[in-house]
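# Structural overview for review
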Amino acid sequence: MIRKWAVLALAALTVSAWAQEFKIGFVSTERILRDSNAAKAAQARLEQEFGRREREIENLGNQLRQATEKFEKEAPTLSESQRAARQRQIAELERDFQRRRREFQEDLAQRRNEELQQVIERANRVIRQIAESEKFDLILQEAVYIAPKHDITDKVIQGLNNAR
């Protein structure tokens, strides 16, 4: 019986010593993608690259809305053939608008993913450097809860901002 307790006590001491030596860190990817200079620069590049197309699509949407409103006002006074021609024009304008908007959204999503992937790859290099220099055993990027003392996101953002 004493032997059983001695083994349990020794096991508890071993686990306790192991837990004290095990160094854990946590990084919030969401904060990195929101707050780092690299993420902000990526967002600026996307806005520059896609801003003109976005404005064109907004203008096309406004043209569609105006054409629809004008048609609704004038429809009672138009002949059947005029009404049918205007409906075809509006339908064609709507198809063009929908197609351009869908293509824009797909292109933007693809470029955003590319830009964010580059930021994540750079952040992962910084995380590895911090892990190696500060002797971390484990760094998590997703967790339900983490004590603030384990959060190294600010260090990663600073490292990412200083890296070139």
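Here, every reference points to the structure presented above.
Report on the accompanying structure. (Residues numbered from 1 in each chain as written. Predicted model: local features only at pLDDT ≥ 70, side-chain atom pairs only at ≥ 80, totals over all residues. Heavy atoms only, no water.)

In terms of nonpolar packing, the biggest core is built from 16 residues, with Val27, Ile32, Val119, Ile130, Ile152, Val156 and Leu160 touching the most fellow members. Residue assignment for this core shows that the elements contributing at least two residues are α3 (37-74), α4 (80-133) and α5 (153-162). The element contributing the most residues to this core is α4, with six residues. If we ignore the near neighbours within four places in the chain, the residues touching leucine 160 are Ile32, Ser36, Ala38, Val119, Arg122, Ala123 and Val126. Within the second largest apolar cluster, 13 residues are counted, among which are Phe50, Phe71, Phe104 and Leu108. (Core = buried A, V, L, I, M, F, W, Y, C linked by side-chain atoms within 4.5 Å. Buried < 20%, exposed > 50% of the residue type's maximum accessible area, 1.4 Å probe, protein only. Helix = DSSP H or I, 4+ residues; strand = E, 2+ residues; numbered from the N terminus. Contact = heavy atoms within 4.5 Å.)

Attention shifts here to α4. Here α4 contains 54 residues, and its C-alpha end-to-end distance of 78 Å stays within 8% of the 80 Å for a straight helix at 1.5 Å per residue. Positive phi shows up at lysine 135, right after α4, with a value of about 60 degrees. (Expected span 1.5 Å × (residues − 1).)

As a further point, take empty space enclosed by the protein. Following the criterion strictly, the structure yields one cavity of 30 Å³ or more and no others. Of the pockets and cavities examined, the largest cavity occupies roughly 30 Å³. Lining the largest cavity are Thr29, Ile32, Leu33, Ile120, Ala123, Asn124 and Gln141. Where the lining of the largest cavity is concerned, the elements lending two or more residues are α2 (29-35) and α4. (1 Å grid on protein atoms, 1.4 Å probe; cavity = no way out; pocket = protein on both sides within 12 Å on 5 of 7 lines; lining within 4 Å. Points joined across faces, edges and corners; volume = space filled by probe spheres on them.)

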